[in-house]
Amino acid sequence: MAYRELVRRWHQGVQAADGGDWDTALDAFGGIPGPPARICFNMGCVHLLAGRPEAALRAFDDTVAKDSSLAVGFFQRGFVHLQLGRYEEALSDYHMAFNHLRKNPFIDYKQLGLRHILYAWEVLYSTAAAQCQLQQWQEARVTLDKAVVWRPEGRTAVLDLAFQQVQNHLFLEPMQVPLGEFFRPRKKEVEQLDSKDFLGKPKVISSIIPNDEYIGFEPLRPQKQGFYEPGAGALLDSESGYYRVLSHYYPEDSEKLAVRASSLVFVLARGADGWATVIHDGQKLRIPSSLLEPASKMDKWKISDGIPLPPAQVPPSRLHVKQKPESPEGEDAPVNGAGAQMDSKQIPVTCGDASPSTARPMVLQVCCECTVVLRASTVPALQDLRALLQERLGQQAQRGRLSYRNSDGKELGAVSGEEDLGRMWQQLTDGRLVLYCQDSESHSGRPVLYRMLAQYSYSAQGPGDLDFSKGDVLDVLSEVNEDWLEGHCNGKTGIFPKCFATHTSCGAALL
């Protein structure tokens, strides 16, 4: 058994004995496995108080067996032997007790937890009592003479009376440890049984809620996204939370507008009188409950007051996105479906080696940006074609990579020189040709709508999600819905929660 538990049961047994509950005390002492000598001594004393001398004798036998130098143990066992009429055993115990005093006038057992001083003259007095029971009157008188020598005060009234009783062959009453005295655990050890609060009670000196009447301590707890909501112990009403004000509110005693319509307030409590205690703009005030309606989820995201916290680990739920209808133009449609039909321009061109069919008007569709109509007389050179596209696409046409799809529809052919341009014109089908102008910063030919800066790191929650870290710049390619965006970062494309990023001042490149 751990020493802490031993002290606990020891203390419980002593408390029960002090209250006169002998059985509870014995149960507490007996519950200690392999009890030490002091616990056995206590059990013997309790049995004496309960009038069980035989049980007390067994307890004192265990006491002196576990501590053969405990003089007070022999002293108490000698007393029990006298009570049971075992005078020879009692005389032997008193001799052992006196020997263990080691010629000291007394032993103070206070340091061991027993509030009793065992004097040598008391042991000798009890020895004389045992000798009287054995009819050894002369030996008893000699023993009392020795007691006078060991008593500091000399011969006192107690010893004078004892001499007279021995002279008259009257028995002496033996001495014992006062009833109710036990070996007790140390006070400091008892005080340390229970946990002690060395820091004391905490005191809140600042609250996130202005003018908050709640005084106490709230431990750390999970917060909702974007706004602060007090713990349950700090709220005065189960309906507390954020509410939207339906109309302007003017206090009765003032013409000054207190709360504007559509403002968001935090309700601390709603009273039965139809008034609610709210916090608005850092101030606590009362407002009619009829002017309040619970704030929606999107309203709460607009709240700027409170503790700024990162979004929750679970991103917003994905809304169903309808598929865009297929383009009637099939493979000739823009790659990302975002092409813009612009004004057509007619220019004379030279057909060169092109098919005679090129004498008819040709439609040159530039994916993602514009559609240009060419009337063929001659095929334009690559520089002239870029100049034409520059009027529509800006500088991108000068630095972008031109390509076209072969007639088999499987591969893209790059246009890097005049020979490539000639092969491109040979791919005309029904007077139409799709030309791709991809910027060096583009992502699979798709335009970057704008750029955003990641405020928090995001780990992919699904195979189509985009991983990024806080501080990364995200190229937004499309808006899936009000909560999700599609973007590109670190060479990867995927969707991500809009609330994880904010708009950045970086310019977006048109593709």
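Residues numbered from 1 in each chain as written. Predicted model: local features only at pLDDT ≥ 70, side-chain atom pairs only at ≥ 80, totals over all residues. Heavy atoms only, no water.

Enquirer: Would you take a moment to explain the packing of helix α3 (residues 37-49) against helix α5 (residues 71-83) for this structure?
Expert: Any two packed helices are characterised by the angle at which their axes cross and by the distance between the axes. The contact between α3 and α5 brings their axes to 11 Å, and the two run at 25°. Relative to α5, α3 is oriented roughly parallel. Remark: the crossing between α3 and α5 carries left-handed chirality. Contacts between α3 and α5 involve Phe41, Cys45 and Leu48 on the former and, on the latter, Val72, Gly73, Gln76 and Val80. Here the residues of the contact of α3 with α5 sort into 5 nonpolar, 2 polar and no charged. (Axes fitted to C-alpha atoms, helices over the stretch in contact; angles between N-to-C directions. Helix = DSSP H or I, 4+ residues; strand = E, 2+ residues; numbered from the N terminus. Parallel < 35°, antiparallel > 145°, perpendicular 65-115°, else oblique. Left-handed = near helix turned anticlockwise from the far one by under 90°. Contact = heavy atoms within 4.5 Å. Nonpolar A, V, L, I, M, F, W, Y, C, P; charged D, E, K, R; others polar.)

Enquirer: I keep staring at the pairing of strand β17 (residues 492-497) and nothing clicks. Help me out?
Expert: Two faces, one strand: in a regular strand the side chains alternate between the faces of the sheet. Bridge count for strand β16 (residues 484-489) against β17 is 6 bridges, and the pairing is antiparallel. Bridge pairing links Gly487 to Gly494 in β17. (Pairing = 2+ DSSP bridges.)

Enquirer: What is the right way to look at the packing of aromatic side chains in this model?
Expert: Given two aromatic rings, one states the distance between the centres and the angle between the planes to describe the pair. Enumeration over the complete set of coordinates arrives at 13 aromatic pairs. With 5.8 Å between their ring centres and 50° between their planes, Phe106 and Tyr119 make a pair best called tilted. You can see Phe106 sitting in strand β1 (residues 106-108) and its partner Tyr119 sitting in strand β2 (residues 117-119), a full 13 residues away along the chain. The partly exposed category is assigned to Phe106, whose relative accessible area is 41%. (Phe/Tyr/Trp six-rings, centres within 6.5 Å; stacked < 30°, edge-to-face > 60°. Buried < 20%, exposed > 50% of the residue type's maximum accessible area, 1.4 Å probe, protein only.)

Enquirer: Explain the sheet that holds β17 to me, please; I cannot follow it from the model alone.
Expert: Strands pair in a sheet through their backbones, by hydrogen bonds, and they do so in one of two ways: parallel or antiparallel. Taken in spatial order, the 5 strands line up as β17-β16-β15-β14-β18 in an open sheet, and their pairing is antiparallel. Two strands close off the open sheet at either side, each with one partner strand: β17 and β18 (501-503). Each strand of the sheet is rotated relative to its neighbour by a mean of 45°, with strand direction disregarded.

Enquirer: Just checking my understanding: could you explain the packing of α5 against helix α6 (residues 87-100) for this structure?
Expert: Contact geometry for α5 and α6: axes closest at 8 Å, N-to-C directions at 165°. With respect to α6, the element α5 is oriented roughly antiparallel. The crossing of α5 and α6 is left-handed. Where α5 abuts α6, its residues Ala71, Phe74, Phe75, Arg77, Gly78, Phe79, His81 and Leu82 lie against Tyr87, Glu89, Ala90, Asp93, Tyr94, Met96, Ala97 and His100. Looking at side-chain class alone, the contact of α5 with α6 contains 10 nonpolar, 3 polar and 3 charged residues.

Enquirer: Could you clarify how one ought to interpret the pattern of salt bridges in this entry?
Expert: Note that side chains of opposite charge can pair when their charged atoms are close. For the coordinates displayed, the defined rule picks out 10 salt bridges. Close ionic contact of Glu181 with Arg115 constitutes a salt bridge, the shortest N to O distance being 3.5 Å. Residue Glu181 is found in the loop between α9 (157-167) and α10 (187-191), and its partner Arg115 is found in the loop between β1 and β2; the two are separated by 66 residues along the sequence. Accessibility expressed as a relative area gives 17% for Glu181, which makes it buried. A network of salt bridges, in which partner residues are shared, links Glu5, Arg8 and Arg9. (Salt bridge = Lys/Arg side-chain N within 4 Å of Asp/Glu carboxyl O.)

Enquirer: When you look at the side chain of His116 in this model, what are you seeing that I'm missing?
Expert: Here His116 lies in the loop between β1 and β2. The exposure class of His116 is buried, given its relative accessible area of 10%. Once residues within four sequence positions are removed from consideration, His116 is found in contact with Ile107, Asp108, Tyr109, Glu122, Val177 and Pro178.

Enquirer: Would you mind showing me how to read the nonpolar core here?
Expert: Across soluble globular proteins, nonpolar side chains show a tendency to be buried alongside one another. Formed by 59 residues in total, the largest nonpolar core has its most connected members in Phe29, Phe41, Val72, Tyr109, Leu118, Leu144 and Leu172. When residues of this core are assigned to their parent elements, the largest contribution, 9 residues, is made by helix α7 (residues 120-133). In contact with Leu118, other than residues within four places in its own chain, are Ala71, Val72, Phe75, Leu101, Pro105, Phe106, Ile107, Tyr109 and Val123. Counting residues in each nonpolar core, the second largest holds 14 residues, with Leu474, Val476, Phe496 and Phe500 among its members. (Core = buried A, V, L, I, M, F, W, Y, C linked by side-chain atoms within 4.5 Å.)

Enquirer: So what exactly am I meant to see when it comes to the sheet that holds strand β5 (residues 275-280) here?
Expert: The strand order across the open sheet built from 5 strands is β6-β5-β4-β3-β7, with neighbouring strands paired in antiparallel fashion. Looking at strand neighbours, the two that pair on one side only are β6 (283-288) and β7 (292-294), the edges of this open sheet. The sheet shows a mean angle of 45° between the axes of neighbouring strands, taken without regard to direction. Here 6 bridges tie β5 to β6, and the two strands are oriented antiparallel to one another. From the neighbouring strand, Trp275 faces β6, where its bridge partner is Pro288.

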